[in-house]
Amino acid sequence: MKIVDFIPRAVRFAFLVAKKGLTLFKNTAGRLLAYGENWLLNSKKAIHGLAVTRIAFGIVGIGILLSNWSTRLYGMGPGSMWNGEWAAPGSEFPSMWIFSMFRTVMPNAGLYTLMYIVLFILAVLVTLGWRFKLVLPVYFVLWVSFIESQDQLGDQGDNMYRIALFFLLFADATQVWSLDSRRRTKLAGTYTGPVLWQLWKGRTLFASAPAYSNLYHNLVLVALTAQVCFVYASGALYKAGGAPWQDGTAVYAPLQTVQFGTWPELSTLITSAGWMVAVATLGSVILQMLFPMMLLTHPTRVVALIGILAFHLGIAVAMGLPWFSLTLVAIDFIFITEKSWAKVINTAKSLWSSASPSMQRL
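In what follows, the accompanying structure is described. Computed from a predicted model, the values in this text were never measured in an experiment. (Residues numbered from 1 in each chain as written. Predicted model: local features only at pLDDT ≥ 70, side-chain atom pairs only at ≥ 80, totals over all residues. Heavy atoms only, no water.)

Some thoughts on the overall build of the protein
- In terms of regular secondary structure, the protein is built from 18 helices and zero strands.
- Taking 21 Å as the expected radius of gyration for a compact globule of 362 residues, we find that the protein reaches 26 Å, considerably beyond that expectation.
- Taken over the C-alpha atoms alone, the protein extends approximately 95 × 65 × 65 Å along its principal axes.
- Per-residue burial over the protein gives 37% buried out of 362 residues.
- Of the contacts made within the protein by residues no fewer than 6 positions apart, 73% connect residues no fewer than 24 positions apart.
- In the structure as shown, the protein presents an accessible area of about 20,600 Å², 72% of it carried by carbon and sulfur atoms.
- If the 27 positive side-chain charges of the protein are averaged to one point and the 14 negative ones to another, these points end up 18 Å apart. (Helix = DSSP H or I, 4+ residues; strand = E, 2+ residues; numbered from the N terminus. Rg over C-alpha atoms; globule rule 2.2 N^0.38 Å. Buried < 20%, exposed > 50% of the residue type's maximum accessible area, 1.4 Å probe, protein only. Contact = heavy atoms within 4.5 Å. Areas by Shrake-Rupley, 256 points an atom, 1.4 Å probe, with all protein chains shown as cover. Lys, Arg positive; Asp, Glu negative; His and termini not counted. Charge placed at Lys NZ, Arg CZ, Asp CG, Glu CD.)

Shown next as structure tokens:
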């Protein structure tokens, strides 16, 4: 081929390749945008997983309040004012009027106990999913007021709990397994009157515009996923920079302390085997680092969820941090697909039917 023929042909070839590539890019981008739009607007996702998240968060609140009941007055009430938190809060939240309730009543043992009981009742209502859209904002404000009134007693689980509670304000976490869903079924299509009255009767926000309701609900799932991935990945990167985590001995030290070695016999059993310490140390770093990527496919997601459940179960039992662990595990339930939840529900119903006295007689 002569050079005078090759150059124009090469130019036309490059033009056609670029045109084909641009068309492929536009088509791919269009399909991705259409998929994203459909995913966000067509229906609410992870309704069972988010319901479990709501229930678990309510149990966390109940558990924290019950386990601190006997020490509430000198741990967080008037008996704790000597540490200076009341006069000069370590957190910015108690200085904000909306989150100042528990700081205001802290000097009075009776009022503090009353507010404590009110918060407990709200935690129970959140667990049951009763008037959730009206109860949750009040619970959120009072919980932040309670937990931030003594900044020295908090941990990272409290931060994650507060962030996730805020996100739940915009989601429908009571579509299943709640008193609200039961009420909606009974009153479907009969809602009249002011908006607050309809909410009281169990109607969802934006019921007349489901696309908006679906959008906010599904964006909450996106936000929770991003938050969990940030927590795990940043935690892994932080750990990887420390010598105890690099040499596989980081798990050993906290289990030998009085604060975190809550089960001395169990701590001794775990730390007596060097390979167990190394596996727990290095395995937790690897699992947390790979967790976001393992969510991309179903097989790796199953491995990730089982691994992270074992990770938090170990923290809950061995280190005595059940409420911290349950907070993180509660959010991880959103990664279980609706198909998997359907299998679990159908299996449970089948086993329940098989366990009936009439079936046993047969």
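There's plenty left to go through after this.
Digging into the nonpolar core
- Of all hydrophobic cores here, the largest spans 66 residues; its most connected members are Tyr139, Trp143, Phe146, Leu165 and Phe291.
- Ranked by the residues each element gives to this core, the list is headed by helix α6 (residues 132-147), at 11 residues.
- Excluding its chain neighbours within four sequence positions, the residues that come into contact with Tyr139 are Phe57, Gly61, Leu119, Leu122, Ala123, Val126, Tyr161 and Leu165. (Core = buried A, V, L, I, M, F, W, Y, C linked by side-chain atoms within 4.5 Å.)

Let's talk about the pattern of salt bridges
- The full count for this structure, using the stated rule, is three salt bridges.
- The shortest N-O distance in the salt bridge between Asp172 and Arg184 comes to 3.4 Å. Here Asp172 is found in the loop between α7 (156-168) and α8 (179-187), whereas its partner Arg184 is found in helix α8, with 12 residues between them in sequence. Comparing Asp172 with Arg184 shows no difference in burial state: the two are buried. (Salt bridge = Lys/Arg side-chain N within 4 Å of Asp/Glu carboxyl O.)

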